[in-house]
Amino acid sequence: KAVVSTQSTGVIKVRKIVIKASMSLKHTLSNITIKALVKNKVPVSVTVDTKVEKVIEVLREHNIHSVLVTNPSLGKDYVKGFVDVFDLVAWLIYCCRSSEKHPQSHSHPTNVSRTFFEADNMFMSKEVGDLCDRSDLDLFATVLEEESILRIIGLYSLGVHRVGLVNAEGNVNAVVSQIDVLRFIYNNKELLGGHLSRTVSQLPGVMDKVTQADKGWSFEANPSTGLVKANQHEWTFYVFEKLLQNKVSAVPVVDSAGGLVGTLSIFDVLNLRKGNFNLLLSNVMEFIQASSMVGGHPSPIVSFVCSPDDTIENLLYMFSNTQMHRIWVVGENGDPLSVVSLTDLCVFIKSICDVELMNTSFL
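Residues numbered from 1 in each chain as written. Predicted model: local features only at pLDDT ≥ 70, side-chain atom pairs only at ≥ 80, totals over all residues. Heavy atoms only, no water.

### Some remarks on the overall build of the chain
Counting its regular elements, the chain contains ten helices and 14 strands. Out of the 363 residues in the chain, the part that is buried amounts to 53%. Within the chain, contacts between residues at least 6 apart in sequence are counted, and of these 63% link residues at least 24 apart. Of the roughly 16,300 Å² of accessible surface on the chain, a fraction of 52% belongs to carbon and sulfur atoms. (Helix = DSSP H or I, 4+ residues; strand = E, 2+ residues; numbered from the N terminus. Buried < 20%, exposed > 50% of the residue type's maximum accessible area, 1.4 Å probe, protein only. Contact = heavy atoms within 4.5 Å. Areas by Shrake-Rupley, 256 points an atom, 1.4 Å probe, with all protein chains shown as cover.)

See below:
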């Protein structure tokens, strides 16, 4: 029987479960329910009539990427869905593009200040209930709290980033993200055995992103065949737009030599406030630097990186001890070649369990 103790991660209460040495990874993850990772966790929520300006404050305060949206008029615990930073960026782009004076090209316009002032008001005053799943990139997903961790990892390996846990009364009483599950894996890393010493280059699909990495700073049409990058001199507005178009949550920002100088992520939309929308017309590095000085969640000027030879154990350690959702894979010269995401590690863990299942089937 598993022995359970409680440990705080700052985001969710994760239980450290002591596993018998004879238990395989698949057997363990199949026999522990997802609710075992949660104790006394009340999910952060807002009501459907909450304005975007307030939602941004809530997300920043709790250092989270999404929030539950409830509709009390339909019931005390009625959940309409999630709103996440992808939805906010989708709404941001619509607000800026809906004006006839929106920027049309990469040449700096002289008449867009008023346009961005109007977009500022339009963006911030929107009721969040209208923005659930607006981006269509990170859809609201719920699972029964009795589902196994293995089942949830299967969902995460498909690109789902978080799930709401539904209790016996049909209410969402907690939210568990990819990082919560990976922290549990790291706390019980002995389950991975020799797989801990495998390297980044052996992660399924990760090094496939290197194939077009020599094309410089321009955005790739298909990020699955090359790493999407941004030049440090590009307008921030266009980089946010390209994040959405390329369906990626972040890009490495590179200098003229191709070296990594920073990161712009979808989360950085939370650094926007009333009155600072003109920052969208600054270049990416100016936006990153300005954001770090206005009290918001700063974008790291020095990004988290690894090499193709780094081990899975090192990756799990970095993800478990930071709030990062990706780690750039860099070459000998510091130029970004690829990226390891939380989804990549979930795919890796699921593949181990699939092999264990196959081997068991032949016994």
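### Brief notes about helix H2 (residues 52-62)
By the burial criterion, the buried members of H2 are Val 52, Val 55, Ile 56, Val 58 and Leu 59. On an axial view of H2, the arc spanned by its buried residues comes to 160 degrees, and they lie on one face. Trailing H2 by a residue or two, Asn 63 shows a phi angle of about 55 degrees, which is positive. (Arc of directions from axis to C-beta.)

### Some details on unusual backbone geometry
Its identity as a non-glycine residue notwithstanding, Asn 63 has a phi of 55 degrees, on the positive side. Secondary-structure assignment places Asn 63 in the loop between H2 and strand E4 (66-70). Not every positive phi belongs to a glycine, and Asp 133 is a case in point at roughly 60 degrees. By the secondary structure assignment, Asp 133 is in the loop between helix H4 (113-124) and strand E6 (142-144). Among the residues examined, Asp 133 registers a relative accessible area of 28% and is labelled partly exposed.

### A few points about the sheet that holds strand E10 (residues 250-254)
Spatially, three strands are ordered E9-E10-E11 in an open sheet, and the strand pairing comes out mixed. The sheet is open, and its two edges are formed by strand E9 (230-231) and strand E11 (260-265), each paired on a single side. Direction of pairing for E9 relative to E10: parallel, over a ladder of two bridges. Each bridged residue has a counterpart across the sheet, and for Asn 231 the counterpart in E10 is Val 254. (Pairing = 2+ DSSP bridges.)

### Looking at the sheet that holds strand E8 (residues 172-177)
Taken in spatial order, the three strands of this open sheet run E6-E7-E8, and their pairing is mixed. Each edge of the sheet is formed by a strand with only one pairing partner; in this case those strands are E6 and E8. Going across the sheet, the axis of each strand differs from the next one's by a mean of 35 degrees, ignoring polarity. One ladder, built from five bridges, connects strand E7 (residues 162-166) with E8; its direction is antiparallel. For Val 163, the partnering residue across the bridge sits in E8 and is Val 176. Here helix H5 (residues 149-156) sits on the sheet and contacts E6, E7 and E8; the angle it forms with E7, its principal contact strand, is near 145 degrees. (Axes fitted to C-alpha atoms, helices over the stretch in contact; angles between N-to-C directions.)

### Structural notes on the nonpolar core
Within the largest apolar cluster, 55 residues are counted, with the highest numbers of intra-cluster contacts made by Leu 88, Leu 92, Phe 123, Phe 240, Leu 264 and Val 269. Taken together, the elements giving at least two residues each to this core come down to H2, E4, helix H3 (85-97), H4, helix H7 (236-246), E10, E11 and helix H8 (284-291). If one sorts the elements of this core by residue count, H3 sits on top with ten residues. Excluding its chain neighbours within four sequence positions, the residues that come into contact with Leu 264 are Val 239, Phe 240, Leu 243, Ala 250, Val 251, Val 253, Val 284, Phe 287 and Ile 288. One finds Ala 174, Leu 192, Leu 203 and Leu 345 within the second-largest nonpolar core, a separate group that totals 47 residues. (Core = buried A, V, L, I, M, F, W, Y, C linked by side-chain atoms within 4.5 Å.)

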